[in-house]
Protein chains: 2
Amino acid sequence: MPNTKTAILSTSPRVRISDVADALGVTKGTVSRALNDYPDISETTRRRVRRTAEAMGYRPLAQAQGIRTGRTRTLGLVLQTDIEGAQRPFLSDFLAGITGAASAEFWTLTVATSAGGGEMLSTLQRLVNERKSDGFILPRTLSEDERMKLLRELEVPFVLYGRVADPDRCAWFDILGEEAMRDAVLRLASHGHRRIGFVNGAAAYNFSQLRKEGFRAGMADAGLAVDETLMTGEAMSRNAGREATCRLLASADPPTAIVFAVDLAALGAYDAARSAGLAVGSDISVISYDGIPEGGWARPPLTTFSVDSRMAGERLARILIRRIRGEDPESLRETALAELQPGGSDGPPAMTSEEIAGRAAAAGMR
Amino acid sequence: MPNTKTAILSTSPRVRISDVADALGVTKGTVSRALNDYPDISETTRRRVRRTAEAMGYRPLAQAQGIRTGRTRTLGLVLQTDIEGAQRPFLSDFLAGITGAASAEFWTLTVATSAGGGEMLSTLQRLVNERKSDGFILPRTLSEDERMKLLRELEVPFVLYGRVADPDRCAWFDILGEEAMRDAVLRLASHGHRRIGFVNGAAAYNFSQLRKEGFRAGMADAGLAVDETLMTGEAMSRNAGREATCRLLASADPPTAIVFAVDLAALGAYDAARSAGLAVGSDISVISYDGIPEGGWARPPLTTFSVDSRMAGERLARILIRRIRGEDPESLRETALAELQPGGSDGPPAMTSEEIAGRAAAAGMR
DNA sequence: GGGCTTGCCGAAACCGGTTTCGTAATCAAT
DNA sequence: ATTGATTACGAAACCGGTTTCGGCAAGCCC
């Protein structure tokens, strides 16, 4: 009866697979197969191995497994840093969500950044090539997303934060922004608004298409006609939001309420309203989407549909892990709703469209 | 003459060390030693190996190296997510700095998060144990930093973002916040202010001690006496800043200017000033520190000393890499200055201390 | 010219795992 | 009882590197 050491009570040096094997009197191959659910291991042995491994605190070294399997239980996230503010406020929560869910299954997160789109692709390549990541979370899905194309080609698993028109081999998680936009319109309509404008985000993002559709759906549900002159977009920053608002206010028959696809842009509406001498929340109503903290500090606080970034990170991580483990992407598509966070930026219209036009003209917006 | 393949023109599969060795007609041991500067390789061979490896696009697989060497060219960063807003605005830039500098030397970044301090320590342990990180960047240095103690004990390299009293085996990078506080006082004094208050951050952070000293140094340089009743602290959020400001305004002989250690707190001063009917920038002057974007949107824009987080990330990454490579920590200590970003929140005093006291009393602050 | 270094490299062990292959033992079928 | 298939595991190769060890050849000294 050889090999009957009982090396329990592991000190600081790592417990290796051979330690577990020795303690059980089997070979490390057996331990490995038992832990990885190979079919040629008896149920009895599997249980014995499981128990002892657990008791000894054995955790396989991901990088050692990786040299044979090619996988190291690592998620990848490449952030694009040249885009306007966008992900800033959420980033911390988003990362917390991802790493929280990942570490629960003993996975980790590798983060990289890139400036331009080209650099983005080469960064993905590099991470794949150096096996620093088994798959990727792709935030900010574009309608035509080259990251997606590349990873499909390389046959590297990924999950989108956002949806996409061509769903071939795509897993995703997304917040139903279109529902929020729809609800925003209905809420404004119930306040009594009939002329409602829409300021969208950049058209390159897939979410912009969806939110626009949601706005239209809301208008239809409310029995209101969409005035195409009150639809504008490409507003991803506070400044762009201010300019877009000024354009709407300067129109012949300005809106009494505006729905924004992006909070940052909605904050610009505050600046524009101040210039025109209009009070946000009464003279002009604003509802937006994102739930950034600055919205809560604004006066009046911004009414917005807030997104739980931490939950998004968690669910994305879990989906990606299942995807990497080989599950069918078609079955890995989840969505959630944004949550209305009522502020003081919307209410019954205190002014008519004509009166607003007058104020705007007086402020020299026309 | 065996082994004379010339497997140039690598296709998609990785170039392995054995490919390089075969191409040169040497063993992989020789290639490895040549690339890692072993002394027992002739200069001629070393150059030949270098050139061929480069030409073939060979990059060693970090995880494969790691199983023998224990190191995988990976930096670690553990973010604490339960603390108020603090790092939010900078995080994206900070990460961009770290990963930019890291990837330039073919290193990567592993990010983890933790809620409490205890979880923080176990997360560090886990990353070290699973060899997911060769060393750590520790942001937000505390005066008594347990992370530091743990890593010292485990003999894992780290670099502080911030300085610390006990510099034993510590490398660091820091912004000289005390200099900024000093300059802030001098600027206010040159405006003509003589009663200047100070609102510090949380005392647990080492930077708070330093910034307080900087404030005192500035007062001394300006020939002004420090009134201890005008010194307060623990203001890390907008709300806390508002409350601290109210306390100062409610004092018998309130300040005409306040220096803040943290931008977020300074924004709270805007709220307090509004409540008291005081105009920031004239009735009451404010200068702060951090350079968060919200400061620029405030009205008037916040005068602040801004920190280049991207540069901080870059330098921290470079220092940590050198530290991991074995350089002496004593030689790895760098600092930089914050840069004054003038806004409209400071200027010559438009009111006396008595007048301010009157306004505060009228607003019911007393 | 013989012994002793020294420089330089090949051979092989090693790191901590996974996976293939072969085979002893068990079981079912003839 | 013999055969054939199955089960369950040991032995060993393997992944892509690093590091130790040993030995050949050239250089040095006397």
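Residues numbered from 1 in each chain as written. Chains lettered and ligands numbered in written order. Predicted model: local features only at pLDDT ≥ 70, side-chain atom pairs only at ≥ 80, totals over all residues. Heavy atoms only, no water.

Focus: the overall build of chain A
Put simply, the rule reads: Here a helix means four or more residues in a row that DSSP labels H or I, a strand means two or more in a row labelled E, and each is numbered from the N terminus. Within these notes, the globule rule equals 2.2 Å times the number of residues to the 0.38 power, and the radius of gyration is based on C-alpha atoms. The classification of residues rests on relative accessible area computed with a 1.4 Å probe and restricted to protein chains. Under 20% of the type maximum is buried, over 50% is exposed, and intermediate values are partly exposed. In what follows, a contact means two residues having at least one pair of non-hydrogen atoms within 4.5 Å. When charges are tallied, Lys and Arg are placed among the positive residues and Asp and Glu among the negative ones, while His and the ends of the chain are skipped. Charge positions are represented by NZ for Lys, CZ for Arg, CG for Asp and CD for Glu.
When its secondary structure is counted, chain A shows 14 helices and twelve strands. Over its C-alpha trace chain A gives a radius of gyration of 27 Å, far above what one expects of a compact globule, namely 21 Å for 366 residues. Its C-alpha atoms put chain A at 95 × 35 × 35 Å along the principal axes. Per-residue burial over chain A gives 54% buried out of 366 residues. Sequence separation of at least 24 residues holds for 68% of the intrachain contacts in chain A that already meet a minimum separation of 6. If the 45 positive side-chain charges of chain A are averaged to one point and the 46 negative ones to another, these points end up 8 Å apart.

Quick look at the packing of aromatic side chains
Think of a pair of aromatic rings as described by two things: how far the centres are apart, and how the planes are tilted against each other in angle. Stated formally: Aromatic contacts are taken between Phe, Tyr and Trp rings whose centres are within 6.5 Å, Trp giving its six-membered ring; a plane angle under 30 degrees counts as stacked, one over 60 as edge-to-face, and the others as tilted. Whether a charge sits over a ring comes down to the Lys NZ or Arg CZ being within 6 Å of the ring centre and within 35 degrees of the ring normal.
This structure, assessed with the given rule, holds eight aromatic pairs over all chains. Seen in terms of ring centroids, Phe198(A) and Phe215(A) are 4.7 Å apart; in terms of plane orientation they differ by 20°. Their pairing is stacked. Here Phe215(A) lies in helix H9 (residues 206-221) and Phe198(A) lies in strand S6 (residues 196-199), a separation of 17 residues in the sequence. In this structure Phe215(A) comes out as buried when scored by relative accessible area, which is 0%. By way of ring pairs, the aromatic residues Phe94(A), Tyr161(A) and Phe173(A) are connected into one cluster. Just above the ring of Phe106(B) sits the side chain of Arg59(B); from NZ or CZ to the centre is 3.6 Å.

Quick look at the protein's contact with DNA strand C
Put simply, the rule reads: Near is defined per residue: the residue qualifies when any heavy atom it owns lies within 4 Å of the molecule or strand. Distance and chemistry together define a polar contact, namely a pair of N or O atoms within 3.5 Å, with one atom able to donate a hydrogen and the other to accept it when in protein, and with adjacent residues in sequence counting only for side-chain atoms on both sides.
Taken together, 28 residues lie around DNA strand C, and Ile17(A), Ser32(A), Tyr38(A), Thr30(B) and Thr45(B) are the ones closest in. When the atoms of DNA strand C within 4 Å of the protein are sorted by group, sugar and phosphate make up 58%. Here Tyr38(A) contributes a side-chain N or O atom positioned 2.4 Å from a phosphate oxygen of DNA strand C. Where the surface near DNA strand C is concerned, the elements lending two or more residues are helix H2 (28-35) and helix H4 (62-69) of chain A together with helix H2 (28-35) and helix H4 (62-69) of chain B. The element best represented in the surface near DNA strand C is H4(A), accounting for five residues.

Some words on the pattern of salt bridges
Side-chain pairs of opposite charge can arise whenever the charged atoms involved come near each other. The condition that has to hold: By salt bridge we mean one thing: a side-chain nitrogen of Lys or Arg within 4 Å of a carboxyl oxygen of Asp or Glu.
Taken as a whole and assessed by the stated rule, the structure comprises 56 salt bridges over all chains. With its nearest N and O atoms 2.7 Å apart, the salt bridge here joins Asp221(A) to Arg182(A). Of the two residues, Asp221(A) is situated in helix H9 and Arg182(A) in helix H8 (residues 177-191); the sequence distance between them amounts to 39 residues. Here Lys149(B) and Glu144(B) are joined by a salt bridge, their closest N and O atoms 3.4 Å apart. The class of Glu144(B) is exposed, set by a relative accessible area of 57%. Sharing partners across several salt bridges, the network here consists of Asp37(A), Glu43(A), Arg46(A), Arg47(A) and Arg50(A).

A short note on the nonpolar core
We apply this condition: To form a nonpolar core, buried Ala, Val, Leu, Ile, Met, Phe, Trp, Tyr and Cys residues must be joined to one another through side-chain atoms within 4.5 Å.
Formed by 166 residues in total, the largest nonpolar core has its most connected members in Leu75(A), Leu95(A), Leu75(B) and Leu95(B). The contacts of Leu75(A), once residues within four sequence positions are left out, are Ile98(A), Ala102(A), Trp107(A), Thr108(A), Leu109(A), Thr110(A), Ser133(A), Gly135(A), Ala317(A), Leu320(A), Ile321(A) and Ile324(A).

A closer look at helix H13 (residues 309-324) of chain B
Residues and elements named next belong to chain B. Heads up, the rule is: To estimate how far a helix should reach, multiply one less than its number of residues by 1.5 Å.
Along its 16 residues, H13 runs 22 Å from first to last C-alpha, staying within 8% of the 22 Å computed at 1.5 Å per residue. At the N-terminal end of H13, a side-chain oxygen is found 3.3 Å from the backbone nitrogen of arginine 310, two or three residues along, and the residue is aspartate 308. Of the residues one or two after H13, glycine 326 is the one with positive phi, at around 110°.

Focus on H4(A)
For the record, the criterion: Within this analysis, the arc is defined by the directions that extend from the helix axis to the C-beta atoms.
Restricting attention to buried positions, one finds in H4(A) the residues Ala62(A), Gln63(A) and Gly66(A). Seen from one end, H4(A) has its buried residues packed into an arc of 90°, which puts them on one side. Residues of H4(A) that are buried make contact with H4 of chain B. Looking one or two places after H4(A), you find Gly70(A), whose phi comes out positive at around 85°.

Side note on the domain arrangement of chain A
Put simply, the test is: All domain edges in this entry derive from an automatic or database-based domain assignment.
Per the domain assignment, the segments making up chain A are domain 1 (17-60), domain 2 (73-175 + 309-336) and domain 3 (177-307 + 341-362). The centre of domain 1 of chain A, based on its C-alpha atoms, is set 33 Å off from the matching centre of domain 2 of chain A.

What about the relation of the copies chain B and chain A?
The line we're drawing: The copies are overlaid by a least-squares fit using only the C-alpha atoms of residues whose pLDDT is at least 70 in both copies.
Superposition of chain B onto chain A requires a rotation of 180° combined with a translation of 0.0 Å along the rotation axis, giving an RMSD of 0.1 Å. Those values place the two copies in the arrangement expected of a two-fold rotation axis. Across chain B, the rotation axis passes nearest the C-alpha of Thr110(B), at a separation of 2.3 Å. When the interface residues of chain B are mapped onto chain A, 100% of them again fall at the interface, so both copies present the same face.

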